Amino acid sequence: MKVVSVMNYKGGVGKTTLTANIGAEIARWGKRVLLIDLDPQASLTFSFYRPEDWRAHLAEGRTIKQWFEAWRMDGPVPGLEVLVTAPTVANSRIAHNGGRLDLIASHLALGDVEMDLAARLGGAQIHRSTRHYFDVYLRLAAGLATLPGRLYDLVLIDCPPNFGVITRSAVAASDQLLIPARPDELSTLGIDHLQSRLRRFTWEFNQVADLQADLRPAVKKLEPMILGVVFTMVQYYGGQPVSALRPYIAQTRSLGLPVFDAMLRESNKHFAGAARAQLPAILTEQLSRELAWELQSLVEEFLKRIRTANHGS
Ligand SMILES: Nc1ncnc2c1ncn2[C@@H]1O[C@H](COP(=O)(O)OP(=O)(O)O)[C@@H](O)[C@H]1O
Ligand SMILES: [Mg+2]
């Protein structure tokens, strides 16, 4: 089971759209995929469930919020499996190949959990509260470990647009990170910033782990690997990304980050309506040939990069 977090500081860069479409396509190819929505905006959840169905069947007891709330320090890790749902409409287009697409839904009040977790971390005196430190940051990793082995080939985590406690716990649970970005100046700056926050968090986490070297079981050091930056909402002209975008793509490469060759074009027509259909664009019949090809190339490259990364480690 590979765990990949989809993250970027910024909102509106296509994190949720990519998570839903990559996850759905890989599931359609016969794999078992679990999507986890960690954003209080719950757009990933609402890509698969109508708001009224979410309210009636999920909101009260079957979202990641209740799972965080069920945690007791020193108690057993609450199982994640009871929260897993299988969106029906999407799965009806996937199941023929033996694949499946599951989802752990989010909650609009997940922001409260974020604040509770931040309070538990307790700020300055890290060395006094290392138990709290790992209790908070390793929750998601511990939760994923409660899933039966071999249940999923891939877990994709859709992060909120910040680098808060919940996002950091997703980093700590992930093998790799995928960074969607728009090719513009602010996004390029944002990626640079994200990269330095990632480095700082990893450094801090590993320092605290060193301080606690006598913990049993020992805390595993973090080594989050950036799978790559994927450019989304790319404008095309005459079959090519418009030339004004190229400097930003080059600038991102110069940050020393891997950049996907595959990109996702801007298409209001195909992406804006997807939420209403409870289906990611890739599973709809209306998808244009170019876009289907683009998404498939993206998924192929994604899987190839995951495989290559594994060989390296
Ligand atoms: N390639 C695209 N072309 C046009 N619109 C897009 C594209 N990708 C996403 N969108 C739209 O842009 C908005 C933000 O995308 P979303 O995936 O929710 O971003 P994020 O999760 O980073 O906030 C949504 O309304 C979505 O439908
Ligand atoms: Mg989102």
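Analysis parameters
Residues numbered from 1 in each chain as written. Chains lettered and ligands numbered in written order. Predicted model: local features only at pLDDT ≥ 70, side-chain atom pairs only at ≥ 80, totals over all residues. Heavy atoms only, no water. Salt bridge = Lys/Arg side-chain N within 4 Å of Asp/Glu carboxyl O. Helix = DSSP H or I, 4+ residues; strand = E, 2+ residues; numbered from the N terminus. Pairing = 2+ DSSP bridges. Axes fitted to C-alpha atoms, helices over the stretch in contact; angles between N-to-C directions. Contact = heavy atoms within 4.5 Å. Buried < 20%, exposed > 50% of the residue type's maximum accessible area, 1.4 Å probe, protein only. Phe/Tyr/Trp six-rings, centres within 6.5 Å; stacked < 30°, edge-to-face > 60°. Parallel < 35°, antiparallel > 145°, perpendicular 65-115°, else oblique. Nonpolar A, V, L, I, M, F, W, Y, C, P; charged D, E, K, R; others polar. Lys, Arg positive; Asp, Glu negative; His and termini not counted. Polar contact = N/O pair within 3.5 Å; in protein donor to acceptor, adjacent residues only side chain to side chain. Near = heavy atom within 4 Å. Areas by Shrake-Rupley, 256 points an atom, 1.4 Å probe, with all protein chains shown as cover.

**Overview of the pattern of salt bridges**
Piece 1. Under the counting rule described, the total for this entry stands at 13 salt bridges.
Piece 2. We note a salt bridge from aspartate 53 to arginine 50, for which the minimum N-O separation is 3.1 Å.
Piece 3. Linking glutamate 301 and arginine 305 is a salt bridge whose minimum nitrogen-to-oxygen distance equals 3.0 Å. Residue glutamate 301 and its partner arginine 305 are located together in helix H14 (residues 289-312), separated by four residues, close to a single helical turn.
Piece 4. Taken together, the shared-partner salt bridges in this structure form one network comprising Arg50, Glu52 and Asp53.

**A look at the sheet that holds strand S4 (residues 154-158)**
Piece 1. Overall, parallel pairing links the six strands, which are arranged S3-S2-S4-S1-S5-S6 in an open sheet. Sheet topology places strand S3 (100-104) and strand S6 (225-231) at the edges, where each strand pairs with a single neighbour. Each strand of the sheet is rotated relative to its neighbour by a mean of 20°, with strand direction disregarded.
Piece 2. Alignment of strand S2 (residues 32-37) against S3, held across five bridges, turns out to be parallel. In the sheet register, leucine 34 faces S3, and the bridge partner there is aspartate 102.
Piece 3. Here helix H10 (residues 185-211) sits on the sheet and contacts strand S5 (176-181) and S6; the angle it forms with S5, its principal contact strand, is near 160°.

**A look at the environment of valine 259**
Piece 1. Here valine 259 lies in the loop between helix H11 (246-254) and helix H12 (268-272).
Piece 2. When the C-alpha atoms of valine 259 and alanine 105 are compared, they prove to be 29 Å apart, with 154 residues separating the residues in sequence.

**Re the pairing of S2**
Piece 1. The element S2 is largely enclosed, with a buried count of five among its six residues.
Piece 2. Where S2 meets S4, five bridges bridge the pair, whose relative direction is parallel. Along S4, the bridge assignment pairs valine 33 with leucine 154.

**What to know about the packing of aromatic side chains**
Piece 1. Under the defined criterion, the tally for this structure stands at 10 aromatic pairs.
Piece 2. Measuring from ring centre to ring centre gives 6.1 Å for tyrosine 133 and phenylalanine 205, while their planes differ by 45°; the resulting arrangement is tilted. One end of the pair, tyrosine 133, is in helix H7 (residues 130-137); the other, phenylalanine 205, is in helix H10, and 72 residues separate them in sequence. The two residues tyrosine 133 and phenylalanine 205 agree in class, both being buried.
Piece 3. Measuring from ring centre to ring centre gives 6.3 Å for phenylalanine 163 and phenylalanine 201, while their planes differ by 80°; the resulting arrangement is edge-to-face.

**Structural notes on the pairing of S4**
Piece 1. Within S4, five of the five residues are buried, leaving the element largely enclosed by the surrounding structure.
Piece 2. Because side chains alternate across S4, one face comprises the buried residues Leu154, Leu156 and Asp158, and the other comprises Val155 and Ile157, equally buried.
Piece 3. Bridge count for strand S1 (residues 2-6) against S4 is five bridges, and the pairing is parallel. The residue of S4 that forms the bridge with lysine 2 is leucine 154.

**Remarks on the packing of helix H6 (residues 110-121) against H7**
For any two helices packed against each other, one specifies the inter-axial angle together with the distance between the axes.
Piece 1. Where H6 meets H7, the axes come as close as 8 Å, and the angle between the chain directions of the two elements is 155°. When the axis of H6 is compared with that of H7, the two are roughly antiparallel. Contacts between H6 and H7 involve Leu117, Arg120 and Leu121 from the former and His132, Tyr133, Asp135, Val136 and Tyr137 from the latter.
Piece 2. Of the residues that constitute the contact of H6 with H7, the class distribution is five nonpolar, one polar and two charged.

**A short note on unusual backbone geometry**
Piece 1. Even without being glycine, arginine 150 reaches a positive phi, approximately 65°.
Piece 2. Here arginine 150 lies in the loop between helix H8 (139-145) and S4.
Piece 3. Given a relative accessible area of 76%, arginine 150 falls into the exposed group.
Piece 4. One non-glycine residue, methionine 233, adopts positive backbone phi at about 55°.
Piece 5. Relative to the elements of secondary structure, methionine 233 occurs in the loop between S6 and strand S7 (236-237).
Piece 6. Looking at methionine 233, the relative accessible area reads 26%, which means it is partly exposed.

**What about the side chain of aspartate 39?**
Piece 1. Examined against the element boundaries, aspartate 39 turns out to sit in the loop between S2 and helix H2 (43-48).
Piece 2. The charged side chain of aspartate 39 is buried without a salt bridge, its nearest counter-charge being lysine 15 at 6.1 Å.
Piece 3. From its side chain, aspartate 39 meets the backbone nitrogen of glutamine 41 in a polar contact 2.9 Å long.
Piece 4. When neighbours within four sequence positions are excluded, aspartate 39 is seen to be in contact with Ser106, Leu110, Asp158, Cys159, Pro160 and Pro161.

**Focus: the site of ligand 1**
Piece 1. Around ligand 1, a shell composed of 13 residues is seen, among which Gly12, Thr16, Thr17, Arg265 and Ser267 lie nearest.
Piece 2. Between ligand 1 and valine 13, the relevant distance is 3.0 Å, taken from an oxygen atom to a main-chain nitrogen or oxygen of the residue.
Piece 3. In the model, an oxygen atom of ligand 1 is placed 2.8 Å from a nitrogen or oxygen of the threonine 16 side chain.
Piece 4. In the complex, the protein chains occlude 77% of the 560 Å² of accessible area that ligand 1 would expose alone.
Piece 5. Elements with a contribution of two residues or more to the shell around ligand 1: helix H1 (15-28) and H12.
Piece 6. Considering each element in turn, the shell around ligand 1 owes the most residues, three residues, to H1.
Piece 7. Taken together, the residues of the shell around ligand 1 sort by class into three nonpolar, seven polar and three charged.

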